[in-house]
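# Secondary and tertiary structure notes
Now for the letters of each chain:
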Amino acid sequence: MADINTCLRSYESLFFQELSEVNTAQELELFRTKHLSRHGELSKLMQQLKDLSLEEKKTAGPLLNVLKVKVSDAFTQREKEFEQMRIDHQNMLLTHFDVTAYKPVQPTGSLHPYTQVIEIIEDIFVSMGFEIVDGPEVETDYYNFEALNIPKDHPARDMQDTFWLTLPGLLMRTHTSPVEIHAMRDRKPPLAIVVPGRAYRNESTDASHDFMFMQLEGLFIDKNVSLAQLFATMKTFLQTFFEKKNIAIKIRPSYFPFVEPGVEIDMSCPFCTHGCSVCKKTKWIEIGGAGLCHPVVLKAGGIDPKEYGGFAFGFGLTRLVMLKYGITDIRLLHSNKIDFLKQF
Ligand code: FA5
């Protein structure tokens, strides 16, 4: 009996001695494992109770229970102290937060220049009442050529070298103009749409030509549509896009089978007045083709050309991106080089 009493007392003093030496939350956890876990010192003492006589158990049992409560309370108290210390430390850090302290810069992404320019262009045309439309990049011969008044064996097919697919009659669209036909068939006039999208041509590449590039198609159908409306729309768009009120446009007669008359649109160089490297000293920059919709095209779109007319345009969207950001080689734009893209 005297043994178990001594044993309990000496364990109690060991417990409190070691608890007083605990300095960190990690040490407290080690202490808990050593003393209070299932196989810890306190459990071992409880085990010893089994070997005592009934008489001894009557005295030692309550003593052991008192000890158990005492050490558990002491441990919980210490635990609370550590938690309070942790909270105090956290609060101290917050109160003394140094806003000027060094923080490693988080790498951030940015939108591709194409996406940025498409968003600007879409905002401008939406503000003029145009709808943004999408269309398939894999097209049929019919939509890409025939419906646009370019029948088989027409010499105009040579203007756009085509990637033909192995399935007969299917191709990668060579321009965004086939979306005009889809849009006319899906809607009733009057209509006003713009189509930013990819086009593919089987051409060799250089600084300003790639086999894949982006175009911006536009189509406006209503009664009594005139070239003046087309030119005003072009001018308003270019002036807003380049944020320059003095941009002028120059019209040159041109030929596209799907418009009549057809024109080529140049804009005055937004970067100079006397000629620079961007406009190659000409003061003018080629933007794209346009014209009044050909009656054959309107018919293919299910629209009566006697009742309705329209204008259409097809810009090199890639060209606009390069001009906006001063990119001199189209291949950089399509290269996926992070160092290049990080600049935008
Ligand atoms: C066309 O593609 C006509 N569909 C445009 C059009 C639409 C005219 C509606 C009339 C009415 P063109 O082949 O000229 O036209 O191409 C238009 C623009 O696309 C060019 O001015 C040029 O900026 C751009 N482009 C053409 N080929 C390439 C290429 N390989 N790489 C980069 N841009 C190109």
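About the criteria used
Residues numbered from 1 in each chain as written. Predicted model: local features only at pLDDT ≥ 70, side-chain atom pairs only at ≥ 80, totals over all residues. Heavy atoms only, no water. Phe/Tyr/Trp six-rings, centres within 6.5 Å; stacked < 30°, edge-to-face > 60°. Lys NZ or Arg CZ within 6 Å of the ring centre and 35° of its normal. Domains from an automatic or database assignment. 1 Å grid on protein atoms, 1.4 Å probe; cavity = no way out; pocket = protein on both sides within 12 Å on 5 of 7 lines; lining within 4 Å. Points joined across faces, edges and corners; volume = space filled by probe spheres on them. Helix = DSSP H or I, 4+ residues; strand = E, 2+ residues; numbered from the N terminus. Nonpolar A, V, L, I, M, F, W, Y, C, P; charged D, E, K, R; others polar.

### Considerations on the packing of aromatic side chains
A complete count under the given rule lists 19 aromatic pairs for this structure. With a centroid separation of 4.9 Å and 85° between ring planes, the pair formed by Phe 241 and Phe 242 is classed as edge-to-face. Grouping aromatic residues by their ring pairs yields a cluster made of Phe 125, Phe 130, Phe 237, Phe 241, Phe 242, Phe 271, Phe 313 and Phe 315. Looking at Lys 324, its charged tip hangs above the ring of Phe 241, at a distance of 4.6 Å from the centre.

### Some points on the domain arrangement of the chain
In terms of domains, the chain is made up of domain 1 (2–94) and domain 2 (113–341). Distance from the C-alpha centre of domain 1 to the C-alpha centre of domain 2: 82 Å.

### Comments concerning the layout of surface pockets
Quantified by volume, the largest pocket comes out at close to 1,300 Å³. Lining the largest pocket are 48 residues; nearest its centre among them are His 209, Glu 286, Ile 287, Gly 316 and Arg 319. A total of seven residues in the lining of the largest pocket trace back to one element, the largest contributor, which is strand E8 (residues 284–293). Residues that form the lining of the largest pocket fall into these classes: 22 nonpolar, 15 polar and eleven charged. In this structure, the second largest pocket spans a volume of roughly 230 Å³. Mapped onto the lining of the second largest pocket, the elements with two or more residues apiece are helix H5 (113–127), strand E4 (191–200) and strand E5 (212–222). Sorting elements by how many residues they give to the lining of the second largest pocket places E4 first, with three residues.

### A short note on empty space enclosed by the protein
Space left empty within the atom packing is revealed by a probe, the size of a water molecule, rolled over the atoms. Going through the model one piece at a time under the given rule, you end up with one cavity of 30 Å³ or more. In this structure, the largest cavity is lined by Ile 150, Ala 156, Met 159, Gln 160, Phe 256, Pro 257 and Phe 258. Partitioning the lining of the largest cavity into residue classes produces six nonpolar, one polar and no charged.

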